[in-house]
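# Commentary on secondary and tertiary structure
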Amino acid sequence: MEAIAKTKYLKGSPRKARLVIDLIRGVNVSRALAILKFTDKRAADPIAKTLQSAIANATYLAEQQNIAIDPDDLWVKTCFVDMGPTKNRRRVRPAPQGRAYREQRHYCHITIQVTSDAQPKDEKALKAEA
């Protein structure tokens, strides 16, 4: 069972949000929520909210198809942050050599996909079996 949740037009730069989203990629959902709870970044709270939405979407889809899934069995399959629109404000900031730069407001879009399928084994697990 796979489910997707998206958050659009989130205030903040995508570069800073990617630092947080890289922490939860390929991780179990309960562990990802714990990581986001103790991450001291501004983007962690909206990402946690999006992850909880993806969990709710997965349980709803499973309920619609009469499939019983445990939310603890879900893991983050894919997650990424895309750049949203950049809003040019009509204010200027001082720049070097007497120039002036316009202020830019950055927005980003967050997409998180969770699944209950078997997680592929990484190199550490394969070496441990051997």
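This text gives an overview of the structure that appears in the document. (Residues numbered from 1 in each chain as written. Predicted model: local features only at pLDDT ≥ 70, side-chain atom pairs only at ≥ 80, totals over all residues. Heavy atoms only, no water.)

## As for the sheet that holds strand β3 (residues 100–115)
The cut-off we apply is this: Only strands that DSSP links by at least two bridges are regarded as paired with each other. A run of H or I in DSSP counts as a helix once it spans at least four residues, and a run of E counts as a strand once it spans at least two, with each numbered from the N terminus. Lines fitted to C-alpha atoms define the axes here, with helix axes fitted over just the stretch in contact, and angles between the N-to-C directions of these axes take values from 0 to 180 degrees.
Taken in spatial order, the 3 strands line up as β1-β3-β2 in an open sheet, and their pairing is antiparallel. The outermost strands of the open sheet, each flanked by one partner alone, are β1 (2–11) and β2 (75–94). Each neighbouring strand pair of the sheet contributes to a mean axis angle of 15 degrees, computed without reference to strand direction. The sheet contact formed by β2 and β3 spans 14 bridges and is antiparallel.

## Quick notes on unusual backbone geometry
Selection criterion: Buried, partly exposed and exposed residues are distinguished by accessible area as a fraction of the type maximum, computed with a 1.4 Å probe on protein chains only: under 20%, between the cut-offs, and over 50%, respectively.
Backbone geometry places Y9, a non-glycine residue, at a positive phi of 60 degrees. In this fold, Y9 is placed in strand β1. Using a relative accessible area of 52% as the deciding quantity, one classes Y9 as exposed. Not every positive phi belongs to a glycine, and Q97 is a case in point at roughly 60 degrees. Relative to the helices and strands, Q97 is located in the loop between β2 and β3.

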